[in-house]
Amino acid sequence: MKISLLQQMYKDVVGGIPLAKESHHYTSLLNLHVEQSPERDESCNQMHLPSTNDGIRSHQDTDMSDVVVPTTDDISNSFANMNSSFCPREVMLLQLTLIKMMVAKAESQEIEFNMRQKYCEIFVLLLKEAKIDSKLICLLGSDDRLLSHMASKSLASLVYFQLKEENTVNVTWLTFSLKTLSGFPVNTHIAECLWTLTAIIKDILKDKVLPKAGILKKLLAPLDAVLEGFYDSILFRHFDSHHYTSPYSEAANNLISFIDLLEALLASRIALELPLRCQRVLFLKVSYVLNLISSSIHYLIKKLFIMLLKKCVLYKSREDAKSGSLFLQNPSSCEDVLALSNAVLQVVNLTWLDQIPLGEKASYFGGSEDAQGSSDQTVLRALSLVVLKALEFKFQNSATEAEIKGDFQSSMSQLLIFWRSHMKSSPQSHPVVHHCEWLSLIFIEQDDDMWEAAKALLLIYLKFDRLRHDAADNLSQKEEETWNFLTHASGYNPHCIFLFFLEKIAFDATVLLDFLISSETCFLEYLVRYLKLLRKDWHQFVDVCNHFDTKHSTFQSVSSVKPPHQENQSCMTDESLQNACCEPEPPTPVSFTSSHNYSVFTTEQGDNEVAESNQSNSLICTDSTSLLGSLQSLVDYDSSEDSELESDGKECLVNTKQVPLNNEDETRVRESGCSYTDDKRNTLKSEVLPLKQKGSNTSSCLTFVASSDNIVPLRIMLFKSTKCLEELQKAISRLQRRNLFPYNPSALLKLLSHIEKISKNVNPQ
């Protein structure tokens, strides 16, 4: 009889039909009948249900990989249509589902006030008269994982309901939580308690109306000291035990549940002006986590902690987190981030990265990539970003160059070794030698992480440069050359990093436009900072472009660098640009004392190549195939005339061709572009155009030609990069004129216009 009434109640709640009967009637329907053992302890860890052996198994006794757990909606739908053959377990699951659903509807402003008031009356009766909270706590200890999970969700909903409606913390739940957490490690049944607290915090954070600061403080203040003590107890342990080698053990389950709680606490601290100790403990005692990551604990737990550290340095633990800049305005937040950074850099300098064996790269259904032997790229990126952001924070809080120079060089050296050991080059790819290329190779598959890493290195470069000029008003040429060499040797030269990235995306301005429009990356902040640097450091940018264009270039130690002599340079190809710094590195350490001529890239042409260059009467330009392929347009236009304006951002360069030179006045450059015939198919076409032809929107391989006795260096990289920025400027202006850009790009356009003016007015020679 009861099941039919519950089914009808479920249909009424789902359909939004008012509950017509008295509140006591519905309270009796929702009241849980838990058969408690007389000898049970106060924490209700032992409880009994009427005999139901329908697939109830312990979490520890089964391999969860073959268990299909039904969702709440699946269970509820089956209950609403079930016949008279039911078991007490199913009745209880339907009761828990109804409680959770009614709390959600009671807090929804879309539900009529009278219905919400009715639900609230039922909850008050359940809590005050039926003591539903005590029964739910007892149900947390069930061996039935689905019942335990549903009880946790329902209990969290009721505690959240009381916090919001009555501005009080449920005393029964609070007593249970304090006793459970303080009783660890004697009492190991803690996962359910952690689940409930995590769910309550997440419910508060999701509420758009609730004043989060006051409610969170009321919830967490009584638990503050206990949570910090629990942090010490669960993490300051020996994790070499066999209990932590399986992700399905109770010990591993406790740790994973605690990671979820730490993530929720991290997200909640943004809502408080003065975070509580339990919200700061992860930062102040991060050494426990770092030791755990390098232990022999199961790889899944290591990965979860590494991803949590990444969220710490990015100031966010959920997708809709607030900006990190607001987070850093708080003095305690600055202190916490600096403590975390110091701890991370300390272990990194002690070869901590070498102690973390990365798992194999994840394989995906339907993928054709052979992941065997490759490292887990997600963890590789996360660890790298943690180290780079730690260096950034350390730099921002340092007053002199001497404070940070040693730590920076040591940490970057360890990071470069770490990257080289875990990035397996494919037979088709060229070996990476130039350190500035690693950033784009490591992060190219994760846009948001890539720009966070690039921004961190850019800020480090800017701070280093400012400290250098503060220490000495006039720097000698030798000091400048040494400084430039160090930026390349440590892999943080901003011009080199930017050019390597442009090369990876085939100089496609639409990719940059996509990053600017997206709110998921910090590319806008990075680009504005970089363009400001480029505006005052143009000559360095040109030098780096020239080095990219130098054939057979290599990144060498300063002691082996010889000044380049008068050498004739042949026309460069993109393939040689990629190989511009791919000669083996010398095994000897870098020396700065015995060299007078500093250079990062050097030209090493043989006599045969010089002769061949002098005798050649044709230019060969090999253009790289786009790594990203043809990209769809970001904007749908009403007419074909509008779409043609977009063509300058869609060109990509293709195969090798020879273009004869009739004479110096009729120099022609081979150009090729990708023209779109429709939305689904891209057709490549190539054509040879005069260099002086006006109105061409396609990217080209620009060549400067002189007499055979004095070949002027090619400006391929300089032309492609500045052309890409020009196309980006045009695309932004076009969208702004049509009110299609998501924010005001005036400042950005001003910077891009200034760069364009410099590139056209300043003689690159």
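Small disclaimer: the values here were computed from a predicted structure and weren't measured.

## Observations regarding the overall build of the chain
Looking only at helices and strands, the chain features 31 helices and eight strands. Expressed as a percentage of the 765 residues in the chain, the buried residues total 52%. When the accessible surface of the chain is summed, it comes to about 36000 Å², and 50% of that surface belongs to carbon and sulfur atoms.

## Quick word on helix H5 (residues 113–128)
Between its terminal C-alpha atoms H5 stretches 22 Å, which fits the 22 Å expected from 16 residues at 1.5 Å a residue. Regarding H5, the residues found buried are Met115, Arg116, Lys118, Tyr119, Cys120, Ile122, Phe123, Leu125, Leu126 and Leu127. If you follow the buried residues of H5, they end up packed against helix H1 (2–15), helix H2 (23–30), helix H4 (88–106), helix H6 (132–140) and helix H7 (145–166).

## So, the pattern of salt bridges
In the structure shown here, the tally under the stated rule is 25 salt bridges. Between Lys310 and Asp449 there is a salt bridge, with its nearest N and O atoms 2.7 Å apart. Of this pair, Lys310 sits in helix H15 (residues 299–313) while Asp449 sits in helix H21 (residues 447–471), placing them 139 residues apart in sequence. In terms of burial, Lys310 and Asp449 fall into one category: buried.

## Topic: unusual backbone geometry
Note that the residue after Phe184, namely Pro185, is joined by a cis bond; omega there is 10 degrees. On the secondary structure map, Pro185 appears in the loop between helix H8 (171–182) and helix H9 (191–206). In the Ramachandran plot, Lys131 falls in the positive-phi region, its phi being about 50 degrees despite a non-glycine side chain. When you line up the elements, Lys131 lands in the loop between H5 and H6.

## Remarks on the packing of aromatic side chains
The full count for this structure, using the stated rule, is 27 aromatic pairs. Aromatic pair Phe230 and Phe258: ring centres 5.1 Å apart, planes at 85 degrees, arrangement edge-to-face. Remark: Phe258 occurs in helix H12 (residues 250–268) and Phe230 occurs in helix H11 (residues 224–235); sequence separation between them is 28 residues. Taken as a pair, Phe230 and Phe258 share a single burial class, namely buried. Counting every residue linked through ring pairs, the aromatic cluster contains Trp451, Phe498, Phe501, Phe515, Phe523, Tyr526 and Tyr530.

## Looking at helix H30 (residues 716–737)
Within an α-helix, residues lying three or four positions from one another point in the same direction, as the helix has 3.6 residues per turn. Taking 1.5 Å as the rise per residue, H30 with 22 residues should run 32 Å; its terminal C-alpha atoms sit 32 Å apart, in good agreement. Summarising burial for H30: 18 of the 22 residues are buried, a large majority. Trailing H30 by a residue or two, Asn739 shows a phi angle of about 55 degrees, which is positive.

## What about the nonpolar core?
One finds Trp173, Ile201, Leu255 and Phe305 to be the most contacted residues of the largest nonpolar core, which totals 200 residues. Every residue in contact with Leu255, bar those within four places of it in the chain, is listed here: Ile234, Leu235, Phe239, Tyr244, Leu292, Ile297, Ile301 and Phe305.

## Examining the side chain of Glu726
Within the secondary structure, Glu726 is located in helix H30. Although Glu726 is buried, it forms no salt bridge, and the closest oppositely charged side chain is Lys723 at an N-O distance of 4.7 Å. Excluding residues within four positions of it along the chain, Glu726 makes contact with Glu756, Ser759 and Lys760.

## A word on the packing of H21 against helix H25 (residues 523–536)
Relative orientation of the contacting elements H21 and H25 amounts to 30 degrees, with a least axis distance of 9 Å. Here H21 is positioned roughly parallel relative to H25, judged by the angle of their axes. For H21 against H25, the interelement crossing comes out left-handed. Packed against H21, whose contacting residues are Trp451, Ala454, Lys455, Leu458, Leu459, Tyr461 and Leu462, the element H25 presents Phe523, Glu525, Tyr526, Arg529, Tyr530 and Leu533 at the interface.

The rules behind the values
- Residues numbered from 1 in each chain as written.
- Predicted model: local features only at pLDDT ≥ 70, side-chain atom pairs only at ≥ 80, totals over all residues.
- Heavy atoms only, no water.
- Helix = DSSP H or I, 4+ residues; strand = E, 2+ residues; numbered from the N terminus.
- Buried < 20%, exposed > 50% of the residue type's maximum accessible area, 1.4 Å probe, protein only.
- Areas by Shrake-Rupley, 256 points an atom, 1.4 Å probe, with all protein chains shown as cover.
- Expected span 1.5 Å × (residues − 1).
- Contact = heavy atoms within 4.5 Å.
- Salt bridge = Lys/Arg side-chain N within 4 Å of Asp/Glu carboxyl O.
- Phe/Tyr/Trp six-rings, centres within 6.5 Å; stacked < 30°, edge-to-face > 60°.
- Core = buried A, V, L, I, M, F, W, Y, C linked by side-chain atoms within 4.5 Å.
- Lys, Arg positive; Asp, Glu negative; His and termini not counted.
- Axes fitted to C-alpha atoms, helices over the stretch in contact; angles between N-to-C directions.
- Parallel < 35°, antiparallel > 145°, perpendicular 65-115°, else oblique.
- Left-handed = near helix turned anticlockwise from the far one by under 90°.

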